[in-house]
There are 2 protein chains.
Amino acid sequence: MNDFFKLISPAEFVGLFADFTPLPAETIALGQARGRVPAQQLTSPEALPPFSRSTMDGFAVRAADTFGCSEAETALLTVAGEIAMGASGRDMMLKPGQAARIWTGGELPRKADAVVMVEYTQPFDEETVAVFRPVAPGENVIREGEDFAPGTTVLAPGRALRPQDLGVLAGLGMTAIPVHRRPRVAILSTGDELVPPDQIPLPGKIRDINSTTMAALVEEAGAIPLPLGICGDDFDHMLALCNDALEQADILLLSGGSSVGKRDFTQRVFAAMADTTMLAHGISIRPGKPTILARQGNKALFGLPGHVASALVIFYCFVRPLLRQYSGLGATLGLSRIRAVTGQQIPSTIGREDYVRVRLVDQEGATLPVAMPIYGKSGLLNPLVRADGLLAIGRDVEGLDRGVECPVLLFP
Amino acid sequence: MNDFFKLISPAEFVGLFADFTPLPAETIALGQARGRVPAQQLTSPEALPPFSRSTMDGFAVRAADTFGCSEAETALLTVAGEIAMGASGRDMMLKPGQAARIWTGGELPRKADAVVMVEYTQPFDEETVAVFRPVAPGENVIREGEDFAPGTTVLAPGRALRPQDLGVLAGLGMTAIPVHRRPRVAILSTGDELVPPDQIPLPGKIRDINSTTMAALVEEAGAIPLPLGICGDDFDHMLALCNDALEQADILLLSGGSSVGKRDFTQRVFAAMADTTMLAHGISIRPGKPTILARQGNKALFGLPGHVASALVIFYCFVRPLLRQYSGLGATLGLSRIRAVTGQQIPSTIGREDYVRVRLVDQEGATLPVAMPIYGKSGLLNPLVRADGLLAIGRDVEGLDRGVECPVLLFP
């Protein structure tokens, strides 16, 4: 009656992802690249800044002309002109004893090597400025290529592009960026009892919760959800849908039907697909034990638990790391992890990892928040809506006492 | 020469946002609602689940019929039938001594009040099942409305919708959700020296970095960037562009021109717009001191520093909280904050808040990472690309010693 299946540990399960390769590169416009991962090292094609620039409003000088000046004994410099913003400083050359008005970001004239802030100058006469604080060579100047010299590494692969990274690429004129393609994730909910969320369920039926939840989880992880809707408990139909799904998608998330029971089609359907290999059926984790993983080439097929609370834990612990692996980030969780203190004793079982939903409560005068477990049957959504994250209890730990420090993975 | 302006503290600056009201509600499809903030309390229109459901594959029973049974003395129950998945259990009524086959998620027949897992049963004959473990009333059952009773609060305003929240709304058939409109943010870079990122700058010119960076920051914060491009240092043109910007946008981010200098048009332009009030010019913060804030009704005009490193700090400390205020989340940073240990002495000045770019380095055997400051002229992008976040040093603190605990705001 009970199909026996061998449980593997969460670490072993994640270890399976090492054999999946990041998705191929595509070139996209810079403005679309936030959160995407470079598919190769990005190297500066030119110098940034392209010329030596002032970082202040003031006067470009030859620094030596200001040495030794003070409020009592100002250095008087002849104002040779002004470098208008956006004009080239190269058209002017400072002779000894000369200064040029300059604005923040302006190009230094030739032979100038520093800028005196306007605050440390006073007009002396029409053609002369009095400087009363000396500057060192290079002061208030960013040298040509000081930010990035030509040929230096700007950004390495393996990290998602942030706003400032895009800024640098804009500054270097790199407006077409090679990044890993975003994973496409087909989502299929199975069960004769399901109707779409916009329908009123007949007696015995219930609305499909998993498709909406999974699509949002996929989107949050930076991948592209392809919701395929609901499939009844029909082997041939499910097989046809799964085959179609892998035509378009890199991952199939099939939820429901992974418990050990007479309608456990999932494993049989995956096995009936061409060129699939079963990688795992069952993880020593709670919730989410009856998870199935198969592969077809570089594509992955997940059989997720039907209860959304369990499916969500499996998504964060495993699907998300695989999406990150495909995206070039490596098979890591990519979730914020904070430290908290247990608000009550939390039992666990040796030999499996427990992921306990917790609510975080700030305590007056304490640095760490209190993690309060939110128990509830795994079919309930309410505890999931009230939870801030997951408290992970390792497989070698037999529960946690009240008042001990513990790590909490925050829901993103 | 120097326009004198009064600095206000960062806390006073954020305090100004209390007068800006969240943007009006709009109703959007559930599938689009991730990250959006409900504009009102969302109340359950019906019971979830809509009927009492089994959480296991097994047999629906009257619990009392199993009391006292054991492996030695099984309870023999007559199998009255099967509740097929998606069929209504209401069509069947269990008489004393009867059981019905049921699957996970199935609707209980009338008079059944518990489910025996299939693992604790054995077929006895064609019509009879032997139960060898008793169940309590309610065991392995989720009662009608146990998750959400009709009329209970499902989600309160003030928090962004997460995948599991959308799942609940799907389960309740709430497919059109009232949320605050997303803020629209006009972005304008000013300066005669700027050219767009896809152009090769002539001598003295440089590519616009801020527009790309600001657009990505806005997008990351969940708002809609409206990049208006580059504006030269021309008062009338800038005034016209700013007026146009506020026709479409809730916030204008104008970067450049906020330093105290002859081309400081920003304040004059903002003042020349109809119905604007200057709220602040200058914050006791580093970097980013010469920031300008004006308002026009419920719209905000920011004059940001020209250096992108400064503008980014101002964005995270102030623009992002205002975007959150508009979105219904309250004027908070909304950034992850972790604890770290300073890797070297970090000087600061009493009377202003310092935001120091830091790189985080994990230390073997230590719980907290080391925060290494990354110094560099504020015109440089390189330190920003290497940084993981910002170490905040309060206004009453004269620097931090090496090896002390400190909070670090992580770049999202």
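Every chain's residues receive numbers from 1 upward, in the order its sequence appears when written. As they are written, the chains are lettered A onward and the ligands numbered 1 onward, keeping that order. The model is predicted, so local features are restricted to residues of pLDDT at least 70 and side-chain atom pairs to those at 80 or more, both for listing and for counting; the totals for chains, interfaces and linings are taken over all residues. As a convention, hydrogens and water are excluded, and side-chain values are obtained from all of the structure's heavy atoms.

Undergrad: Whenever I open this one, helix H5 (residues 265-272) of chain A confuses me. Can you help?
TA: Each full turn of the α-helix corresponds to 3.6 residues, which orients residues three or four apart in the same direction. Residues and elements named next belong to chain A. Each residue's exposure class comes from its accessible area (1.4 Å probe, protein chains only) as a fraction of the maximum for that residue type: buried when under 20%, exposed when over 50%, partly exposed otherwise. Runs of H or I in DSSP of at least four residues are treated as helices and runs of E of at least two as strands, each being numbered from the N terminus. Burial in H5 covers these residues: Phe265, Thr266, Val269 and Phe270. Taken down its axis, H5 places every buried residue within 125 degrees of arc, on the same side. By definition in these notes, contact holds between two residues if any of their heavy atoms fall within 4.5 Å. Lining the buried residues of H5 we find helix H4 (235-248), strand E17 (251-255), strand E18 (276-281), strand E20 (292-296) and strand E21 (299-304). The arc under discussion is defined with respect to the helix axis, by the directions toward the C-beta atoms.

Undergrad: Could you clarify how one ought to interpret helix H2 (residues 163-171) of chain B in this entry?
TA: Residues and elements named next belong to chain B. By the criterion of burial, H2 is predominantly enclosed, with nine of the nine residues buried. When H2 is considered as a whole, its buried residues turn out to be Pro163, Gln164, Asp165, Leu166, Gly167, Val168, Leu169, Ala170 and Gly171. Just beyond H2, the residue with positive phi is glycine 173, at close to 75 degrees.

Undergrad: Please clarify how the sheet that holds strand E18 (residues 276-281) of chain B should be interpreted in this entry.
TA: Strand pairing in a sheet is mediated by backbone hydrogen bonds. Such pairs are either parallel or antiparallel. All names here are of chain B. Taken together, six strands build an open sheet; the order of strands is E16-E13-E17-E21-E20-E18 and the sheet is mixed. Because the sheet does not close on itself, it has two edges, and the strands there are strand E16 (224-231) and E18. Each neighbouring strand pair of the sheet contributes to a mean axis angle of 20 degrees, computed without reference to strand direction. Pairing between two strands is assigned when DSSP locates at least 2 bridges connecting them. Across five bridges, the pairing between E18 and strand E20 (residues 292-296) is antiparallel. Opposite threonine 277, over in E20, you have arginine 295 as the bridge partner. As a rule, the C-alpha atoms of each element are fitted with a line to give its axis, helices using only the stretch in contact, and angles between N-to-C directions run from 0 to 180 degrees. Contacting strand E13 (184-190), strand E17 (251-255) and strand E21 (299-304), helix H6 (residues 308-327) runs over the sheet at an angle of about 175 degrees to E21.

Undergrad: What exactly am I supposed to notice about the pattern of salt bridges here?
TA: If charged atoms from side chains of opposite charge come close, those side chains can pair. Salt-bridge detection follows one rule: a side-chain nitrogen of Lys or Arg within 4 Å of a carboxyl oxygen of Asp or Glu. Under the criterion given, the structure shown has 24 salt bridges over all chains. For the salt bridge of arginine 143 of chain A with glutamate 146 of chain A, the shortest nitrogen-to-oxygen distance reads 3.6 Å. Residue arginine 162 of chain B is joined to aspartate 165 of chain B by a salt bridge in which the shortest nitrogen-to-oxygen separation is 3.3 Å. For aspartate 165 of chain B, a relative accessible area of 0% gives the class buried. Here the residues in one salt-bridge network are Arg143 and Glu146 of chain A together with Lys377 of chain B, joined through shared partners.

Undergrad: Help me understand the packing of H4 of chain A against H5 of chain A in this model?
TA: Two quantities define a packed helix pair, namely the angle between the axes and the distance from one axis to the other. Residue and element names in this part refer to chain A. Closest axis-to-axis distance for the H4/H5 pair is 10 Å, and the angle between their directions is 55 degrees. The orientation of H4 with respect to H5, classified from their angle, is oblique. The handedness of the crossing between H4 and H5 is right-handed. Only Phe265, Arg268, Val269, Phe270 and Ala272 of H5 make contact with H4, whose side of the interface consists of Phe235, Met238, Leu239 and Cys242. The residue classification treats Ala, Val, Leu, Ile, Met, Phe, Trp, Tyr, Cys and Pro as nonpolar and Asp, Glu, Lys and Arg as charged. All others, Gly included, are polar. Within the contact of H4 with H5, the residues separate by chemical class into eight nonpolar, no polar and one charged. Just so you know how the angles are binned, under 35 degrees is roughly parallel, over 145 roughly antiparallel, 65 to 115 roughly perpendicular, and the rest oblique. By definition, any crossing whose near helix is turned counterclockwise from its far helix by less than a right angle is left-handed, and any crossing with a clockwise turn is right-handed.

Undergrad: What am I meant to see in the relation of the copies chain B and chain A here?
TA: Both copies of the chain are tied together by a single rotation about an axis and a shift running along it. When chain B is fitted to chain A, the best match, at an RMSD of 0.1 Å, comes from turning it 180 degrees and sliding it 0.0 Å along the axis. Taken together, the rotation and translation relating the two chain copies correspond to the operation of a two-fold axis. Same-surface contact between copies: 100% of interface residues of chain B are shared with the interface of chain A. Least-squares superposition aligns the copies on the C-alpha atoms of those residues with pLDDT at or above 70 in both.

Undergrad: Is there a simple way to think about the sheet that holds strand E5 (residues 75-82) of chain A in this case?
TA: Residues and elements named next belong to chain A. With respect to topology, six strands assemble into an open sheet ordered E7-E4-E6-E5-E9-E8, the strand pairing being mixed. The sheet is open, and its two borders are formed by strand E7 (114-117) and strand E8 (121-125), each paired with just one other strand. With direction set aside, neighbouring strand axes in the sheet form an average angle of 40 degrees. As paired strands, E8 and strand E9 (residues 128-131) are joined by four bridges and run antiparallel to one another. The residue bridging glutamine 122 from the neighbouring strand is alanine 130, located in E9.

Undergrad: In this structure, what is going on with the side chain of glutamate 193 of chain B? I would like to understand it.
TA: Structurally, glutamate 193 of chain B is set in the loop between E13 and strand E14 (194-195). His is not counted, nor are the chain ends; Lys and Arg add positive charge and Asp and Glu add negative charge. The side chain of glutamate 193 of chain B is buried and forms no salt bridge, while arginine 53 of chain A, the nearest opposite charge, is found at 4.3 Å. Apart from residues no more than four positions distant in its own chain, glutamate 193 of chain B is found in contact with Arg53, Met85 and Gly86 of chain A together with Gly204, Lys205 and Ile206 of chain B.

Undergrad: Sorry if this is basic, but what is going on with the interface of chain B and chain A here?
TA: When the parts come together, some accessible area is lost, and that loss is often what is quoted as the size of the interface. In this assembly, 88 residues from chain B lie in contact with 88 residues from chain A. Both faces considered, chain B and chain A share a buried interface measuring about 6900 Å² in area, 58% of it formed by carbon and sulfur atoms. Viewed at the interface, chain A and chain B are joined by six salt bridges. Identification of polar contacts relies on pairs of N or O atoms within 3.5 Å, with a donor-acceptor requirement for protein atoms, meaning one able to donate a hydrogen and the other able to accept it, and with residues adjacent in sequence counted only if both atoms are side-chain atoms. Remark: the boundary between chain B and chain A carries 27 residue pairs in polar contact (both at pLDDT 80 or more). Secondary-structure elements contributing two or more residues to the side of chain B that touches chain A are strand E10 (141-142), strand E11 (153-155), H2, strand E15 (206-207), helix H3 (210-220), H6 and helix H7 (382-386) of chain B. Summed over both partners, the accessible area lost on bringing two parts together, with a 1.4 Å probe, is the buried area.

Undergrad: What's the story with the packing of H3 of chain B against H6 of chain B in this structure? I'm lost.
TA: All names here are of chain B. For the pair H3 and H6, the least separation of the axes is 11 Å and the interaxial angle reads 25 degrees. Considering the angle they form, H3 stands roughly parallel to H6. As H3 runs across H6, the sense of the crossing is right-handed. Contact with H3, carried on its side by Asn210, Thr213, Met214, Leu217, Val218 and Glu220, involves Val308, Ala311, Leu312, Phe315, Tyr316 and Arg320 of H6 and no other residues of that element. Of the residues assigned to the contact of H3 with H6, the class counts are eight nonpolar, two polar and two charged.

Undergrad: Honestly, the packing of aromatic side chains in this entry has me stumped. Any pointers?
TA: By convention here, two paired aromatic rings are described through the distance between centres and the angle between planes. Residue and element names in this part refer to chain A. Only Phe, Tyr and Trp rings are paired, with Trp represented by its six-membered ring, and only when their centres lie within 6.5 Å; those with planes under 30 degrees apart are stacked, over 60 edge-to-face, the remainder tilted. Applying the stated rule across the entire model yields 20 aromatic pairs over all chains. Centre to centre, the rings of tyrosine 120 and phenylalanine 132 are 6.5 Å apart; their planes meet at 85 degrees, and the pair counts as edge-to-face. Linking tyrosine 120 in the loop between E7 and E8 with phenylalanine 132 in the loop between E9 and strand E10 (141-142), this pair joins segments that are 12 residues apart in sequence. Judged by relative accessible area, phenylalanine 132 falls into the buried class, the value being 16%. When the centroid spacing of 6.1 Å and the interplanar angle of 85 degrees are considered together, the rings of phenylalanine 315 and tyrosine 316 count as edge-to-face. Of the residues examined, phenylalanine 315 reaches a relative accessible area of 0% and is grouped as buried. For tyrosine 316, a relative accessible area of 2% gives the class buried. Through pairs of rings, three or more aromatic residues link up here, namely Phe13, Phe17, Phe20, Phe302, Phe318 and Tyr326. The criterion is that NZ of a Lys, or CZ of an Arg, lies within 6 Å of the ring centre and within 35 degrees of the ring normal, and then a charge sits over that ring. The ring of phenylalanine 20 is capped by arginine 295, whose NZ or CZ atom sits 4.1 Å from the centre of that ring.

Undergrad: Sorry, what's going on with the environment of alanine 311 of chain A here?
TA: All names here are of chain A. When you line up the elements, alanine 311 lands in helix H6 (residues 308-327). Separated by 55 residues in sequence, alanine 311 and glycine 256 have C-alpha atoms that sit 9.1 Å apart. The contacts of alanine 311, once residues within four sequence positions are left out, are Met214, Leu304 and Pro305.

Undergrad: Even after reading the chapter, I still don't get unusual backbone geometry, so can you show me in this structure?
TA: Leaving glycine out, the prevailing phi sign among residues is negative, and the prevailing peptide bond configuration is trans. With an omega of -5 degrees, the peptide bond between arginine 286 of chain A and proline 287 of chain A qualifies as cis. As for its position among the elements, proline 287 of chain A is in the loop between strand E19 (285-286) and E20. Of note, the bond from leucine 48 of chain B into proline 49 of chain B is cis; its omega dihedral lies within 30 degrees of zero at -10 degrees. Among the secondary structure elements, proline 49 of chain B is positioned in the loop between strand E2 (42-43) and strand E3 (53-54).

Undergrad: Got a minute to help me understand the pairing of strand E9 (residues 128-131) of chain B in this structure?
TA: Remember that side chains alternate between the two faces of the sheet whenever the strand is regular. Residues and elements named next belong to chain B. Where burial is concerned, the two faces of E9 agree: the one with Thr128 and Ala130 and the one with Val129 and Val131 are both buried. In terms of strand pairing, strand E5 (residues 75-82) meets E9 through four bridges, oriented antiparallel. Residue pairing for E9: alanine 75 is matched across the bridge by valine 131.

Undergrad: Explain the environment of proline 134 of chain B here, please?
TA: Residue and element names in this part refer to chain B. Tracing the sequence through the fold places proline 134 in the loop between E9 and E10. Distance in space between the C-alpha atoms of proline 134 and serine 348 is 69 Å, their sequence separation being 214 residues. Ignoring any residue separated from it by four or fewer positions in sequence, one finds proline 134 in contact with Thr66, Phe67, Gly68, Cys69 and Glu139.

Undergrad: Which parts of the structure should I look at to understand the confidence of the model for chain A?
TA: Parts of the model with low pLDDT should not have their predicted coordinates read in detail. Confidence per residue, as judged by the predictor, is encoded in pLDDT with a range of 0 to 100. For chain A, the mean per-residue pLDDT works out to 94, and 97% of the residues sit at or above 70. The complex prediction reports pTM at 0.94, with the ipTM value standing at 0.94.

Undergrad: Explanation requested: the pairing of strand E7 (residues 114-117) of chain B in the structure shown.
TA: Residue and element names in this part refer to chain B. Side chains Ala114 and Val116 of E7 all project onto a buried face; the interleaved residues Val115 and Met117 project onto the opposite face, where all are buried too. Of the strand pairs in this sheet, strand E4 (residues 58-61) and E7 are connected by four bridges, and their pairing is antiparallel. Across the sheet, valine 61 pairs through a bridge with alanine 114, a residue of E7.

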